[in-house]
Amino acid sequence: MPFNSYPFLFLFLPAALLLYWAAADELRPSVLLVVGACFYAFAGLHQLALLLTMTFVTFGAVRLLSSPAPSRSRFGLAVLALNLAVLLAFKLAGTPWFSAASVALPLGLSFYTFNLVSHGLDVYRRRTPAAPSFVSLASYATFFPTVAAGPLLRFDDFERQRRGPRRFDAGLLELGLLGLIVGLAKKVLVADPLGVAVEPLFADYERLGLWDAWLAVLGYAYQLYFDFSGYTDMATGIAALLGFRLPQNFNAPYTAVHITDFWQRWHMTMSQWFRDYLFLPLSRALLRRSTSLDRADGIRGLCLVLTMVAIGLWHGTTWSFLAWGLYHGVLLAGHAHLRVTWRRPLPAGASRAITFLAVLAGWVLLRSPSPEMALRIWEAMLGLHGWGERALRTGATLGLAVCLLLVVTNTQAESSLLRPRRSRGQAWSLAALFVLSLLALGGRSPFLYFQF
Amino acid sequence: MDPGPVREKLRSFIVATLVRDASYPLRDDEPIITSGLIDSFALAELAVFVEREWHVYVPDPDLTVERMNTLDQIVARVLQG
């Protein structure tokens, strides 16, 4: 059941909130589990069965992982790895190599698998105790604000909030409604119209000229950002209505001053997951094997490339995700090298422009189902296929230009400016935005990150 | 372990190997990660250096910005053993 649908907004969400807040304190974890399971069941009962089975397997694994006996702990790791095997199997089933066995990816599989695996690894590394009960782990895995597309949340963070004092107040309501409405507006008033404007351009990519190609790629860049950050805002708002605070997932990514900075601002919870559970342990293991820290630069580059390839494959196992991950890995390794060898920083404006262009070139890879298409679009962006005027005629230019003028970047400072205020002006503005968004809901489309 | 030599050895490793500027005047309470002076990879280098130098294993969960952001914090973690 998507967040951007009438049944969710007017039936499921009010009923879930009512049940949750009306329940006695000791019953709330169970209510959260039941509500989460009901939400997820709309994706299909077989998908819910898979989610609960993986949670059960993880629950067994963390019991083994918390054991002081190394053999039991190692066995626990093997059991935990079953989650990753399931994820890999579904990802590969969607590739052309396994087209005969092609099956749809269960909703949010990449996200809840990583949540479960992170809990197992945290228990193994003695960072956090094992989930005290199956209900607590299952209510975490099925937490409906985040189960479909994150943000990724650590179990100890969730559990600490779940066990904390629960009292519904006006502050939560204001924060929740703000996130819900702003997120919905980002999705249906900005991301969806942008998608409609750029889709025909990508569909007919062989005829793209300079203007068309730039408009298509810029439009896609902003569609992706508004779609995903809109979803995240809605998830954050819904979680606030349940009394939970989610970690920040975006921090003005298109204002990054270098590519490393971009990855510290885009899908932050995923980047942090890969840094903590892959990049740092891998870097450390390779450095320990190295006889001298003089080889650190090479190891850093290798680990960055491997981590970004893994991030690409986490999104999907097609060539475009692999190429996109590899591209960013090479950029990050190059930047890490330049950072220590070239100590004359560019002016901030130039750095931002170069970084944004590099990110745009990367989005072309992500959006292109074939290398030929990516190459053709890059050529068009360089002006090798004429000027192109179709986009100007379709009116897409105006829509994109207006969008690009928007300064909705999700910085900490702007989030603070956007904090709930008890003012009639903000209340009326939000109400108007909500009504406009509801009117635009008719032609709703799924959130782009649901496919991962 | 004597904190004085540990602090100076760490300071010299951080500025010479991680910051790559041996003349950099690193203060004891200066944030080195949140300020962008070093990145998260440097934490792995730091952990391996500590392990080789003093045979102290700093577990991965301790290699975080919150726990290793200043020379003071790093020295305290090494002395903890």
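Above: the structure in question.
Below is a summary of the structure that appears in this document. What you see is a predicted model, and the numbers here were worked out from it, not measured in a lab.

1. Here's the deal with the environment of F10 of chain A
Residues and elements named next belong to chain A. Summarising the element assignment, F10 is placed in helix α1 (residues 6-22). Owing to a relative accessible area of 44%, F10 belongs among the partly exposed residues under this scheme. Separated by 15 residues in the primary sequence, F10 and D25 place their C-alpha atoms 25 Å from one another. Beyond its immediate stretch of four places on either side in the chain, F10 contacts F434 and L438.

2. Considerations on the pattern of salt bridges
Applying the stated criterion across every chain, the model contains 31 salt bridges over all chains. Notably, a salt bridge pairs R160 of chain A with D157 of chain A, separated by 2.4 Å at the nearest N-O pair. Of this pair, R160 of chain A and D157 of chain A both sit in helix α7 (residues 155-163), 3 residues apart, which is roughly one turn of the helix. By relative accessible area, which is 54% here, R160 of chain A ends up exposed. Between R20 of chain B and D297 of chain A there is a salt bridge, and its shortest N-O distance comes to 2.7 Å. Here the residue R20 of chain B occupies a position in the loop between α1 (3-18) and α2 (40-54), and D297 of chain A occupies one in helix α12 (residues 296-315), the pair thus bridging two chains. In this structure R20 of chain B comes out as partly exposed when scored by relative accessible area, which is 32%. Taking relative accessible area as the criterion, D297 of chain A reaches 27% and is therefore assigned partly exposed. Because the salt bridges share partners, they merge into one network encompassing R125, R284 and R288 of chain A together with E51 and D60 of chain B.

3. Points about helix α4 (residues 70-93) of chain A
All names here are of chain A. An ideal rise of 1.5 Å per residue puts 34 Å on 24 residues; α4 measures up with 35 Å between its terminal C-alpha atoms. Taken together, the buried positions of α4 are occupied by S73, G76, V79, L80, N83, L87, K91 and A93. In the core, the buried residues of α4 are packed alongside α3 (45-65), α5 (109-124) and α12.

What counts and how
- Residues numbered from 1 in each chain as written.
- Chains lettered and ligands numbered in written order.
- Predicted model: local features only at pLDDT ≥ 70, side-chain atom pairs only at ≥ 80, totals over all residues.
- Heavy atoms only, no water.
- Helix = DSSP H or I, 4+ residues; strand = E, 2+ residues; numbered from the N terminus.
- Buried < 20%, exposed > 50% of the residue type's maximum accessible area, 1.4 Å probe, protein only.
- Contact = heavy atoms within 4.5 Å.
- Salt bridge = Lys/Arg side-chain N within 4 Å of Asp/Glu carboxyl O.
- Expected span 1.5 Å × (residues − 1).

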